[in-house]
Amino acid sequence: MILFLDPYFEQKPWAGNKLNTIYDCPNSTGEAWIVSGYNKKSSKIKSGKYNGQTLRHLWRKHPELFGDFNDKEFPLLIKIIDAKENLSVQVHPNDNYALEHHNSLGKFECWYFLNQNEAKSCIAGIDASKQIDVKNYLSNGILKDKLMACALGRARAPARLGALCSAPPPTATTIRLISTVRRSEEHTSELQSPMYLV
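Now for a description of the structure that goes with this document. (Residues numbered from 1 in each chain as written. Predicted model: local features only at pLDDT ≥ 70, side-chain atom pairs only at ≥ 80, totals over all residues. Heavy atoms only, no water.)

## Concerning the overall build of the protein
Here is step 1: The secondary structure content of the protein amounts to five helices and 13 strands.
Here is step 2: Put simply, the protein has 198 residues, and 40% of those count as buried.
Here is step 3: Surface summary for the protein: the accessible area is close to 11,300 Å², and the carbon and sulfur share equals 50%. (Helix = DSSP H or I, 4+ residues; strand = E, 2+ residues; numbered from the N terminus. Buried < 20%, exposed > 50% of the residue type's maximum accessible area, 1.4 Å probe, protein only. Areas by Shrake-Rupley, 256 points an atom, 1.4 Å probe, with all protein chains shown as cover.)

## Quick notes on unusual backbone geometry
Here is step 1: Unlike most non-glycine residues, Ser28 shows phi in positive territory, near 70 degrees.
Here is step 2: Its location among the elements puts Ser28 in the loop between helix H1 (19-22) and strand E3 (29-35).
Here is step 3: The phi dihedral of Lys40 falls on the positive side, at around 65 degrees, and the residue is not glycine.
Here is step 4: Looking at the secondary structure, you find Lys40 in the loop between E3 and strand E4 (44-45).

## Remarks on the nonpolar core
Here is step 1: Core analysis: the largest hydrophobic core is formed by nine residues, namely Leu5, Val35, Ile45, Tyr50, Leu55, Leu58, Trp59, Phe74 and Ile78.
Here is step 2: In terms of residue count, the dominant contributor to this core is helix H2 (residues 55-61) (three residues).
Here is step 3: If we ignore the near neighbours within four places in the chain, the residues touching Val35 are Leu5, Ser43, Leu55, Phe74, Leu76, Leu77 and Ile78.
Here is step 4: Residues Val89, Ile123, Val134 and Leu147 belong to the second largest nonpolar core, which totals seven residues. (Core = buried A, V, L, I, M, F, W, Y, C linked by side-chain atoms within 4.5 Å. Contact = heavy atoms within 4.5 Å.)

## Some words on the pattern of salt bridges
Here is step 1: Inspection of the entire model under this criterion finds five salt bridges.
Here is step 2: Lys12 is paired through a salt bridge with Glu10; the nearest N and O atoms lie 3.6 Å apart.
Here is step 3: Among the residues examined, Glu10 registers a relative accessible area of 11% and is labelled buried.
Here is step 4: Put simply, Lys79 and Glu31 hold a salt bridge, and the shortest N to O gap is 2.9 Å. Within this pair, whereas Lys79 is found in strand E5 (residues 76-81), its partner Glu31 is found in strand E3, the two being separated by 48 residues in sequence.
Here is step 5: By relative accessible area, Glu31 is classed as buried at 7%.
Here is step 6: Several salt bridges share partner residues, and in doing so they unite Glu10, Lys12 and Lys41 into one network. (Salt bridge = Lys/Arg side-chain N within 4 Å of Asp/Glu carboxyl O.)

## Brief notes about the side chain of Ser42
Here is step 1: Inspection of the secondary structure puts Ser42 in the loop between E3 and E4.
Here is step 2: We classify Ser42 as buried; its relative accessible area is 10%.
Here is step 3: Side-chain polar atoms of Ser42 contact the backbone nitrogen of Leu55, separated by 3.2 Å.
Here is step 4: Polar side-chain contacts of Ser42 include one of 3.0 Å to the backbone nitrogen of Arg56.
Here is step 5: The contacts of Ser42, once residues within four sequence positions are left out, are Tyr8, Ser36, Gly37, Thr54, Leu55 and Arg56. (Polar contact = N/O pair within 3.5 Å; in protein donor to acceptor, adjacent residues only side chain to side chain.)

Structural data, given as structure tokens:
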């Protein structure tokens with residue numbers, strides 16, 4: 001059975017206006033969660049037998065529709081993101097940390113650039129092995145120099161049409177004007193200093 005979904009829309013202060021040209025969504029919509037099983041942020045079935053029900057509800061009440069996959073939470077989150085400003089640097093936990101502190105799994109992300117955009121680069125990593133390293137980078141004002149790209153051997157990965165960037169946990173990530181496909185856990189920490197891409 002194919003399920004057709006209506007997205008959940010998330011308004012953001014950094015939102016562009018491109019999502020309004022695709023969807024009938026509120027102004028300042030920065031994220032369209034096109035496949036989501038999140039509590040209170042779930043996609044909704046838009047036709048057929050399950051019209052109006054959330055993907056989260058179907059996942060829990062009708063596991064046979066998903067091959068009887070044995071997991072409490074829907075394992076995938078797909079977003080289309082439109083940002084007119086640089087996004088903050090975030091640190092995504094690995095499974096061990098997320099299980100200990102959030103009773104959830106870690107977060108694996110990847111981004112696929114859907115169209116030409118204003119993004120200059122994709123950052124997916126930080127040259128630090130300990131939390132104290134990051135604190136020192138912040139206090140010395142050199143964090144920007146320590147961010148790493150998802151492409152090997154380059155300071156930044158180009159954000160071109162068709163580019164793919166992946167970031168397994170734990171990884172510091174940031175990007176502009178992207179479509180995001182990621183594992184469904186929402187536990188993310190933002191670094192306490194704004195980071196701007198160049």
